[in-house]
Amino acid sequence: MWENKPVLLLVLATVTILVGTVITMVLPFAWVNTDRDRIETVTPYNPLELAGRDVYIREGCNNCHSQTVRPLVTEVLRYGDYSKSGEFAYDQPHLWGSRRMGPDLARIGGKYPDAWHYKHMHEPKSMVPKTNMPAYAFLERNKVDPDETRHKMDVLGFPYTEADIKALQGKTEMDAMVAYLQKLGTGIDWRKQADSAVVGELVNPFRGDRTAAEAGESLYRKHCASCHGQEREGDIGPELTGLAGMDDGDLFEILYNGLPDGGMPAFSNLGATKNWQLVNYLLQED
Amino acid sequence: METPAYDYRIVRGFVVWSIIWGLVAVLVGVLISFQLCDPDLNLPPFLTYGRLRPLHTNAGIFGWGIGSFFALFFFMVQRLCRTSLWSPGLARFQLWFFNATIIAAAITLLLGYNTSKEYHELEWPVDIMVVILWVIFAINIIMTIIKRREEQMYISLWYMLACLVGVAVLYLVNAAEIPVSLFKSYSAYAGTNDANVQWWFGHNAVAMVLTAPPLAVFYYFLPKSTGVPIYSHRMSIIAFWSLIFMYLWTGAHHLLWTPVPDWVQTLAMAFSVMLIAPSWGSVFNGYLSMQGEWQQMKSNYLVKFLILGITFYGLQTLQGPLQSIRSFSAFIHYTDWVPGHVHMGTMGWVSLVLFAAIYYLAPYLFGRKVYSIGLANLHFWLVLIGQIIYSISMWIAGVQQAGMWHATNSDGSLTYTFMETLVEMYPYYWVRAFSGIIYLAGVVVFLYNLYMTAKKGEPAEQLAQQAN
């Protein structure tokens, strides 16, 4: 009978599609962004970060970068603590993405110092030689509009002060982008908690082993040279010559856990062996 | 019985423009596939991958896909209802407004005005244009069906009606946004809710735009091309209702392992696997309709397009549920496996069926027989080979990259850095880019064949006049 009645078919089809819709799409609103998943330390974006987020959207960064770390072993090792619902409460829209042409960015905040991002966004190949990311140097020429940003903050109902808006004067879209990236994933204090605690005394398994130092040298070129220079002369990071007198265990800990406050990333995901090889390379007399 | 005054002019208009937008989609697709091989091919700020990729998907889905469905719906609704269009004037306005919308979409996307939501990137003013377009289209189709002179509504009309209402609900809910300025808005939903709404939309856009309409086309044009009816009417009824019921539960399979509540993910996974049944209901209905007629795969090029099309639909609807299983998703999600999957659906299933329908229509639209069957066959093989190379290279790439992402050393550390895995992808990216050129060549042959049909094809006066 519905085969002869178009209006009835329309009504039945609408009801049919609404069943799954209500259960899987409407019902979750009762759990998400409520007290059940709230995280107190997560704060809204400040004006500069919000301006940066809008540049990220405009340039379609989400077409290549995801922003959710899944609770899978290798994913947590590679990117950091897995993502929690409450961390995204201020994300309108969400930017989780669906493809990782480049790495996930949910935990990028605090991984590198600002200077790394400025150089990388200006010319990605300068920091990551074989990357396929486009250069975004033009962001340095575009200024953030303070009034427009204030209006956006009002629309979203995010708190700000007049000083925040004043501080936008003269800021470029590049400044905004870097500020946004440094905010990502910092709503919870996961970086400190991820540090490995050292139990007992650290013993260098390769002391005096020249082949370990050679292996360390090639690791250095791959992982360290873009910040500390090809000849360890220093660039974004400090120069790394004359370390010969340093304690093996102390150096190992710095490499393994990083110095989050100094902008030095942790290299624990390389594993202990490779980090000891790096230690032996760095402790070599030049 | 007297032949109604069918309006084929409007069908022709939509066919021509949808092919033009389809060519744009493929050209941009080829460009961005090369950009992934060599970043120096990005020309900031307007021609970067990040801005061009939405243009590629929008031109493909809205320009080529929906443009062709407009054409084919207008053709099918008249023939199946044995009546002329309710309002030819409205349809003509729709054609102009459709092109205006696609042009507005292309310009705003290149300028960086986008909402960031996949397959729903258009900012609110263009969103409103899309809504107007859909409303006038829906009114015209529904009113034509209401004034029909054929008692029974054929299968294709059910899928068309479901598409009309489904797209309307999906688009309006996902479009809820707060305007900030003329070309900037913020989503009305936040974070995890926004993601769940978006993929409820995203996956069901696949159902309502890339499944229901091509099925309507398939159910109409397969019997028309072979001369034998669909195998089972009852099976098509079961397949139709279960398909539109189950699809709406599955959006969160795009969000497995994310902060979306676990039970939503589990439901999505279960319903995705269940969807194999209604999907294959249509596949079997197609295959079984060929009983005793398989020699037409050799003698009838239209059948070749349609049967390969439904075969890719069958493969797509097996691979999709596989990807929706948590453990498999953990492995391949975020890799190039997914574009391989998507392009089997778009370049294989949807486009092959559309090509067949357009060849079938050519005599009605141009009053001439298709210029060259040989060229149509060449077109078939080029797009088939291009698509197969595309998908297979991306599946291999995806498995390799997933394997490298998840590899660990004996001490529990990661074996590869992210860049080490990307570097391994470049050879596959080159293969994919060249497969795009092969596909593009097929599309150019198609265009040439249609152009020559319009100019030099053998007159087919009677055919164009012939009633249903």
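Everything quoted here is computed from the prediction, not taken from an experiment.

## What to know about the overall build of chain A
Counting its secondary structure elements, chain A contains 13 helices and 0 strands. What you see for chain A is a C-alpha radius of gyration of 24 Å, clearly larger than the 19 Å of a compact globule of 286 residues, by over 25%. Expressed as a percentage of the 286 residues in chain A, the buried residues total 54%. Summarising the internal contacts of chain A: among those between residues at least 6 apart in sequence, 71% fall at separations of at least 24. Carbon and sulfur atoms form 55% of the exposed surface of chain A, whose accessible area is close to 12,900 Å².

## Re helix 12 (residues 248-257) of chain A
Along an α-helix, residues three or four apart share an orientation, since each turn contains 3.6 residues. Residue and element names in this part refer to chain A. With 7 of its 10 residues buried, helix 12 lies for the most part within the structure. Three or more residues of helix 12 are buried, namely Asp248, Gly249, Leu251, Phe252, Leu255, Tyr256 and Asn257. Where helix 12 begins, the capping side chain belongs to Asp247, and its oxygen is found 3.1 Å from the backbone nitrogen of Gly249. Just past helix 12, the residue Gly258 takes up positive phi, approximately 70°.

## Overview of the pattern of salt bridges
The full count for this structure, using the stated rule, is 27 salt bridges over all chains. Across the salt bridge formed by Lys152 of chain A and Glu148 of chain A, the nearest N and O atoms sit 3.6 Å from each other. With Lys152 of chain A and Glu148 of chain A both in helix 6 (residues 146-156) and 4 residues apart, the pair spans about one turn of that helix. Note that Glu150 of chain B and Arg82 of chain B form a salt bridge whose closest N and O atoms lie 2.7 Å from each other. With Glu150 of chain B in the loop between helix 4 (124-146) and helix 5 (155-174) and Arg82 of chain B in the loop between helix 2 (49-81) and helix 3 (88-110), this pair connects stretches of sequence that are 68 residues apart.

## Re the domain arrangement of chain A
Each assigned domain of chain A is listed here: domain 1 (1-30), domain 2 (47-192) and domain 3 (210-282). The C-alpha-based centres of domain 1 of chain A and domain 2 of chain A are spaced at 39 Å.

Conventions we followed
- Residues numbered from 1 in each chain as written.
- Chains lettered and ligands numbered in written order.
- Predicted model: local features only at pLDDT ≥ 70, side-chain atom pairs only at ≥ 80, totals over all residues.
- Heavy atoms only, no water.
- Helix = DSSP H or I, 4+ residues; strand = E, 2+ residues; numbered from the N terminus.
- Rg over C-alpha atoms; globule rule 2.2 N^0.38 Å.
- Buried < 20%, exposed > 50% of the residue type's maximum accessible area, 1.4 Å probe, protein only.
- Contact = heavy atoms within 4.5 Å.
- Areas by Shrake-Rupley, 256 points an atom, 1.4 Å probe, with all protein chains shown as cover.
- Polar contact = N/O pair within 3.5 Å; in protein donor to acceptor, adjacent residues only side chain to side chain.
- Salt bridge = Lys/Arg side-chain N within 4 Å of Asp/Glu carboxyl O.
- Domains from an automatic or database assignment.

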